Amino acid sequence: MINSLLERKIEKRPDKVRLPGRILFLTEDPELIKRQLAGEDLPWDTKNPTNNPKLRDDISTDEITPAHYCFYFDETLGEIPYLGLKCGSVTPIGRGEVKRGGFVCAVSGKRRGKGSSREQSPYAEMCAGIKLVIAENIERIYKQNCQNLGVLTSTDFSLIDRIRGGEEIPLAEFTAGEDEITRQVIEYGGLFPFNVARMQKKVFLPPFKTGKRPMTLAEKIFARHMKDEKGEVAVAAVKPGDTGFAQADLRFSHEYVTPMAAIFFERYVGKDAKVNDASSIIFFRDHLTFLDEVISEEKKKLGLLDLATQLKLKQQDFAAKQGIKLHGELKDRKGSEGICHSIVLESYALPGQLNIGSDSHTPHVGAIGCVAFGIGTTDVFNSWITKDVRVKVPESVKIVIRGKKHENVTAKDFILKILSLDYVRSGKALAKVMEYAGEAIEELSVDERATMTNMAAEIGGFTGIVAPDKKAVDFLVERRAMDRKKAEAMIEGLYSDPDAQYAHVIELDAAEITPMVATPGDPGNGKYVRELNTPVPVEIAYGGTCTAGKNEDMDMYAAVLADALKQGRRVADSVKFYIQFGSQETREYCLRKGYLAVFQKAGAHVIEPSCGACINAGPGVSTRPDQVVISAQNRNFPGRSGPGQMYLASPFTVAASAVAGYIVEYEPSEKKELVGA
């Protein structure tokens, strides 16, 4: 493999860029978008921005490439971009319209590309002819995916006039302000050609010059994993802004991403090439095992269910060929072994590791003190060659939650509160490490901490992390049967130095936080349940996903339903309540605790492990725009889980609302030990 790459001809792209083509402005007004698709070029005043129509903010990757269309993993994606883009209640862009429109640049507002790490989004834009994305600010994973593919990005709106004037724009304008490695990735037209040039010693990693300094927990872990200019692992210290390649302890991907990465690998490296260290790579079949139960007839006719099956088969074949461990479907019943994040936390991740995964919720395992972050398809397939990943050491934000929380408040309420803060909503937390601390965090179990680190993805953060302590040790001993002394040795030194530097510190008082919901449209739309002015009736309640399908989440669903049964109540007739395990280990836990009997007696529908409803691929999705859903999942972007109105909430609030028939706080009737029915 290496020899073939060493002989590959690799050249930089030209140092000047001309972008002949039209500019698509993704505005809030759907009629303006339709006019552009019909051939009209929208006037744009770059000197006086207040004269311009309002651009859409918060465009998620779910809107760029809705989940079902990600079953394509080739150039067909060029017909797909922006099919899910909502402007008010309208989705103005149809299949193939962007490609037919001759657009070379797409322009939007704040936080472009938030949400899922799916590289299908910039790949779809690229295949439709988009060579440049301009936005006020751009989410980390989406931006890195663009760079890896060779799509240019910018926050400079003055480029609009120059593109329309037919100017040649120096490539240096797209590399200005970027670190040395990112500059070279852009110059070589993507991550793979850059990595080949790296192997051929045409490019060199910048030396680490950072001297010993107080470091945050994340910085310490980065320092242990960064490669120096000689390619040796571990440097004395790092600081925010340092760039390089970090060696990964664990690399994983799921059936949404593995096939596309495998095709890239076979196309660019070779069909018979072997991955680097298959033993530290894991594949998961966890996203689409229940798809056939909810996919529409229209989408079946488009062949999307067949395409989803091809994803499964391609991953299976590549895993078998490469000798890679695959956590797949169950043999005796429908469902999967478990969601990737759940299994990685339960069985693989260790304190102090650096883990990378093909999913934005990879930070889940930061709950036991690892640096773990989501990457895109090109990063995945390149890591199979190099075993490392491009990293710019991020700044850290310390989020301190002091005091004691209320009994009916959970980690989900904490994170929904954080997501509602102006600092987060304005995009200031983008690409930063979220380090959670304080008495209220220390009191949380590892399962609950995982909710906090998991949803660093919704903040737009690089990752989330909690310093490992006795609870992390107990988790490793009880859930992994690890030797206690070995676990204790593993967490030594894994804490932030007292004088470590942070970009920002957020301080909250747990006593001031009551149960929260995020109203439909965005996880940042947080408000207290008691602030809902009128009762909000719900038709569907959903408890599950990586965020809320863990053991302790099941404790919460069971507590509420057991309480209801004691009062002679059950799930309201007007509500369908779905409870889905995150893994087989959690299912076994529920069997041991007697929870399945409680769930079934109370009228809840129990589902085997899978991502399911969270990505519009399993029971619990909405089917009508007026349908109200309350869900313990992590995202409620438009269309992500069906056309309905989705509220996010904690497992307590979801279960209590399922019983009441409308959104309510859970009020335990008494403090009690959880028991089976």
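Residues numbered from 1 in each chain as written. Predicted model: local features only at pLDDT ≥ 70, side-chain atom pairs only at ≥ 80, totals over all residues. Heavy atoms only, no water.

So, on to empty space enclosed by the protein. In this approach a probe as big as a water molecule rolls over the atoms, and the regions it shows empty are the leftover space. The tally for this structure, following the rule as stated, stands at four cavities of 30 Å³ or more. Counted as a void, the largest cavity has a volume near 230 Å³. In terms of lining residues, the largest cavity is bounded by 21 residues, among which Ser116, His287, Asp359, Ile615 and Arg640 are the most central. When grouped by side-chain class, the residues that make up the lining of the largest cavity number six nonpolar, 11 polar and four charged. (1 Å grid on protein atoms, 1.4 Å probe; cavity = no way out; pocket = protein on both sides within 12 Å on 5 of 7 lines; lining within 4 Å. Points joined across faces, edges and corners; volume = space filled by probe spheres on them. Nonpolar A, V, L, I, M, F, W, Y, C, P; charged D, E, K, R; others polar.)

A volume near 820 Å³ is recorded for the second largest pocket. Forming the walls of the second largest pocket are 34 residues, and the residues nearest its centre are Arg140, Lys143, Glu178, Lys392 and Ala431. Sorting the residues of the lining of the second largest pocket by element identifies α6 (140-149), β5 (152-154), α8 (172-175), α9 (180-187), β7 (243-247) and β13 (388-392) as the ones contributing at least two each. The biggest single contributor to the lining of the second largest pocket is α6, with four residues. Looking at the lining of the second largest pocket residue by residue, the class counts come to 12 nonpolar, 11 polar and 11 charged. (Helix = DSSP H or I, 4+ residues; strand = E, 2+ residues; numbered from the N terminus.)

Moving on, we get to the nonpolar core. Ranked by internal contacts, the top residues of the largest apolar core, which has 129 residues, are Tyr82, Phe222, Phe373 and Trp384. Among the elements that take part in this core, helix α14 (residues 304-322) stands out by supplying six residues, more than any other. Setting aside residues no more than four positions away along its own chain, Trp384 makes contact with Arg251, Ser253, Thr258, Ala261, Ala262, Phe265, Val275, Asn276, Ile281, Phe283 and Phe318. (Core = buried A, V, L, I, M, F, W, Y, C linked by side-chain atoms within 4.5 Å. Buried < 20%, exposed > 50% of the residue type's maximum accessible area, 1.4 Å probe, protein only. Contact = heavy atoms within 4.5 Å.)

So, about the sheet that holds strand β3 (residues 103-107). The strand order β2-β3-β4-β5 describes an open sheet built from four strands, whose pairing is parallel. In this open sheet, the two edge strands, each paired with only one partner strand, are β2 (22-25) and β5. Between one strand axis and the next, the sheet turns by 20 degrees as a mean value, whatever way the strands run. Each of β2 and β3 is contacted by helix α2 (residues 30-37), which is oriented at about 160 degrees to β2, the strand it contacts most. (Pairing = 2+ DSSP bridges. Axes fitted to C-alpha atoms, helices over the stretch in contact; angles between N-to-C directions.)

As a further point, take the side chain of Asn148. Positionally, Asn148 belongs in helix α6. In this structure the side chain of Asn148 is engaged in a polar contact, spanning 2.9 Å, whose partner is the side chain of Asp379. A distance of 2.9 Å separates the side chain of Asn148 from the side chain of Arg390, its partner in a polar contact. For Asn148, the residues in contact, after removing those within four places along its chain, are Val185, Gly190, Leu191, Thr378, Asp379 and Arg390. (Polar contact = N/O pair within 3.5 Å; in protein donor to acceptor, adjacent residues only side chain to side chain.)

For the rest of this paragraph, the subject is the sheet that holds strand β15 (residues 433-437). Strand order in this open sheet of four strands is β16-β15-β14-β17, and the pairing throughout is parallel. The open sheet has two edge strands with one neighbour each: β16 (463-466) and β17 (504-509). With strand direction ignored, the average angle separating the axes of adjacent strands in the sheet is 20 degrees. Contacts between helix α17 (residues 411-419) and the sheet are confined to β14 (396-402), β15 and β17, with β14 contributing the most and set at about 125 degrees to the helix.

The next thing to look at is helix α12 (residues 258-268). Among the 11 residues of α12, eight are classified as buried, and the element is accordingly described as predominantly covered. Of all the positions in α12, only Thr258, Pro259, Met260, Ala261, Ala262, Phe264, Phe265 and Glu266 are classed as buried. Considering only its buried residues, α12 is in contact with α5 (120-127), α6, β8 (250-254), β9 (281-284), α14 and α16 (377-386). One or two positions beyond α12, positive phi appears at Gly270, with a value near 145 degrees.

In this section: the environment of Ser496. Tracing the chain through its elements places Ser496 in the loop between α23 (484-490) and β17. Exposure remark for Ser496: the relative accessible area of 17% places this residue in the buried category. A sequence separation of 278 residues divides Ser496 from Ala218, and the C-alpha atoms of the two residues are 7.9 Å apart. With residues near it in sequence (within four places) discarded, Ser496 still touches Met215, Thr216, Leu217, Glu435 and Tyr502. A distance of 2.8 Å separates a polar side-chain atom of Ser496 from the backbone nitrogen of Leu217. Among the polar contacts made by the side chain of Ser496, one reaches the side chain of Tyr502 at a distance of 3.2 Å.

At a closest axis distance of 9 Å, the pairing of helix α25 (residues 551-566) and helix α26 (residues 584-593) adopts a crossing angle of 40 degrees. When the interaxial angle is binned, α25 and α26 end up oblique. In the crossing of α25 with α26, the sense of the turn from one axis to the other is right-handed. In this structure, α25 uses Asn551, Met554 and Asp555 to contact α26, whose residues at the interface are Thr586, Tyr589, Cys590 and Lys593. For the contact of α25 with α26, the class distribution of residues is three nonpolar, two polar and two charged. (Parallel < 35°, antiparallel > 145°, perpendicular 65-115°, else oblique. Left-handed = near helix turned anticlockwise from the far one by under 90°.)

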